[in-house]
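One-letter residues, chain by chain:
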Protein chains: 2
Amino acid sequence: MIGDAPELSLLAPTELRAWRGMLRVHAALAKALDQQLEAAHGLQLSSYEVLMYLADAEDERMRMCDLASSILLSRSGLTRLVDRLQREGLLERVACSDDARGAFAKLTPAGRDKLRAARATHLAGVRAMFLDRFSPDELAQLGDAWDRVLDATGWGCCK
Amino acid sequence: MIGDAPELSLLAPTELRAWRGMLRVHAALAKALDQQLEAAHGLQLSSYEVLMYLADAEDERMRMCDLASSILLSRSGLTRLVDRLQREGLLERVACSDDARGAFAKLTPAGRDKLRAARATHLAGVRAMFLDRFSPDELAQLGDAWDRVLDATGWGCCK
DNA sequence: GCGAGGTCGTTGTGTGCGCAATCAGAACGC
DNA sequence: GCGTTCTGATTGCGCACACAACGACCTCGC
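Quick caveat: nothing in here was measured; it's all calculated off a predicted structure.

Caption draft 1: Quick look at the environment of Gln44 of chain B. All names here are of chain B. Following the sequence through the fold, Gln44 ends up in the loop between α1 (13-41) and α2 (45-55). On the basis of relative accessibility, which here comes to 38%, the residue Gln44 falls in the partly exposed class. Between the C-alpha atom of Gln44 and that of Leu33, which follows or precedes it by 11 residues, the distance is 9.2 Å. Setting aside residues no more than four positions away along its own chain, Gln44 makes contact with Asp34, Leu37 and Glu38.

Caption draft 2: Spatial organisation of the relation of the copies chain B and chain A. For the match of chain B to chain A, the screw axis carries a shift of 0.0 Å, the RMSD comes to 0.1 Å, and the turn is 180 degrees. Read as a symmetry element, the transformation amounts to a two-fold axis. Residue His26 of chain B, judged by its C-alpha, is the member of chain B lying nearest the rotation axis, at 3.7 Å. With an isologous cut-off of 70% or more, the 98% of interface residues of chain B that recur at the interface of chain A puts this contact in the isologous class.

Caption draft 3: Representation of the packing of helix α2 (residues 45-55) of chain A against helix α4 (residues 75-87) of chain A within the structure. Residues and elements named next belong to chain A. At a closest axis distance of 11 Å, the pairing of α2 and α4 adopts a crossing angle of 85 degrees. The angle between α2 and α4 places the two elements in the roughly perpendicular class. From α2, Ser46, Ser47 and Val50 reach across to α4, where they touch Leu78, Leu81 and Leu85. Within the contact of α2 with α4, the residues separate by chemical class into 4 nonpolar, 2 polar and no charged.

Caption draft 4: Structural context of helix α5 (residues 109-129) of chain B. Spanning 21 residues, α5 of chain B covers 30 Å between terminal C-alpha atoms, matching the ideal 30 Å at 1.5 Å per step. Listed as buried for α5 of chain B are Gly111, Leu115, Ala118, Arg119, His122, Leu123, Gly125, Val126 and Met129 of chain B.

Caption draft 5: Spotlight on the packing of helix α1 (residues 13-41) of chain A against helix α5 (residues 109-129) of chain A. All names here are of chain A. Their axes nearest at 10 Å, the elements α1 and α5 cross at an angle of 145 degrees. The two elements α1 and α5 meet at a crossing, and its hand is right-handed. In this structure, α1 contributes Leu29, Ala32, Leu33, Gln36, Leu37, Ala40 and His41 to the contact, and α5 contributes Lys114, Ala117, Ala118, Thr121, His122, Gly125, Val126 and Met129. Of the residues contributing to the contact of α1 with α5, the split by class is 9 nonpolar, 5 polar and 1 charged.

Caption draft 6: Quick look at the packing of aromatic side chains. This structure, assessed with the given rule, holds 6 aromatic pairs over all chains. The structure contains a cluster of three or more aromatic residues connected by ring pairs, namely Trp19 and Trp146 of chain A together with Phe130 and Phe134 of chain B. The positively charged end of Arg61 of chain A is found above the aromatic ring belonging to Phe104 of chain A, 4.1 Å away from the centroid.

Caption draft 7: Seen up close, the interface of chain B and chain A. At the junction of the two partners, chain B supplies 62 residues and chain A supplies 61 residues. Buried surface at the junction of chain B and chain A, summed over both partners, amounts to about 6100 Å²; 67% is from carbon and sulfur atoms. If you look at where chain B meets chain A, you find 10 salt bridges. In this structure, Arg17 of chain A and Asp144 of chain B form a salt bridge, with 2.4 Å as the shortest nitrogen-oxygen distance. Where chain B packs against chain A, one counts 21 residue pairs in polar contact (both at pLDDT 80 or more). When residues of the side of chain B that touches chain A are traced back to their parent elements, those giving at least two are α1, α2, α3 (64-70), α5 and α6 (136-153) of chain B. Of all the elements, α1 of chain B adds the most residues to the side of chain B that touches chain A, at 17 residues.

Analysis parameters
Residues numbered from 1 in each chain as written. Chains lettered and ligands numbered in written order. Predicted model: local features only at pLDDT ≥ 70, side-chain atom pairs only at ≥ 80, totals over all residues. Heavy atoms only, no water. Helix = DSSP H or I, 4+ residues; strand = E, 2+ residues; numbered from the N terminus. Buried < 20%, exposed > 50% of the residue type's maximum accessible area, 1.4 Å probe, protein only. Contact = heavy atoms within 4.5 Å. Least-squares fit on C-alpha atoms with pLDDT ≥ 70 in both. Axes fitted to C-alpha atoms, helices over the stretch in contact; angles between N-to-C directions. Parallel < 35°, antiparallel > 145°, perpendicular 65-115°, else oblique. Nonpolar A, V, L, I, M, F, W, Y, C, P; charged D, E, K, R; others polar. Expected span 1.5 Å × (residues − 1). Left-handed = near helix turned anticlockwise from the far one by under 90°. Phe/Tyr/Trp six-rings, centres within 6.5 Å; stacked < 30°, edge-to-face > 60°. Lys NZ or Arg CZ within 6 Å of the ring centre and 35° of its normal. Buried area = accessible area lost by both parts, 1.4 Å probe. Salt bridge = Lys/Arg side-chain N within 4 Å of Asp/Glu carboxyl O. Polar contact = N/O pair within 3.5 Å; in protein donor to acceptor, adjacent residues only side chain to side chain.

Structure representation (structure tokens):
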């Protein structure tokens, strides 16, 4: 009875299952992956995302505003998140020579090590709980569908 | 460059697209639907969820703890959310005769009217931005896949 | 009865977020 | 050069949440 979903009168059962399923799946995965990462490496999912983008960026550094839009966080939110990670020594702020307003967040060696360990844990979780539940065909189909949805919400490329 | 995703080294492109696609789709839909509801009816998505579950429940009322687990919110979070909705006159607290500890949240006529209007808006949005982007076959397939994922996270029925 | 342990809802506290305002610096017109 | 306007990052503030602790109450064993 707990997980039951209303809206029966206006949504076909198949539609309802597909829609509310996604909401529950997202909530469950976010929580499970976050706890897993926290338990194994004392790292929150949002912090992990920052480190991951930095690690894959040119010279292991990114401008604050690019980082904010990459991880879908407001600029002010990123300021505080980077503050925390800087206090933990996982990244540092570096002034931008081209633009004196700007700042880079740059991975430290400690951050790189932390990420290397965390990434294995995280991706194993994503695989076990999500990717492995789909066939290769389904994954490809899903990728296409997400793009169609993002177009519909006007999130194709920006913001 | 904004929406680019790292993890290239460890995840196949198809996997990456399916995984990060879902994260972005969820974020985009949650934001868009919330803004839509807020603009049209001055109602937040979390408030809408409460009203919706109540409307579809027996006698338009639910126990606080059942409601909390239905909308995936902590008990304390629900206490405050119900506080707000009660102040707005959309629901009322009713004592539970069977169990003196318990309380029901019960829809008021105002809440029922508010929901009737909001539900049309919300479902239209879900349809336009999400459901319409999938074929009937895909929707059915998706529903099955979500169940498999929920099993993998241990959220099959409880919590 | 009645005490131990569990459950329901609320409250205190801390955290993380977005929005709006702010400041410094860049970019542009003239 | 010098104002106007725009942009990047930070800060003040309020909000909504989770967690933990609490009081009230139920339940079960004895």
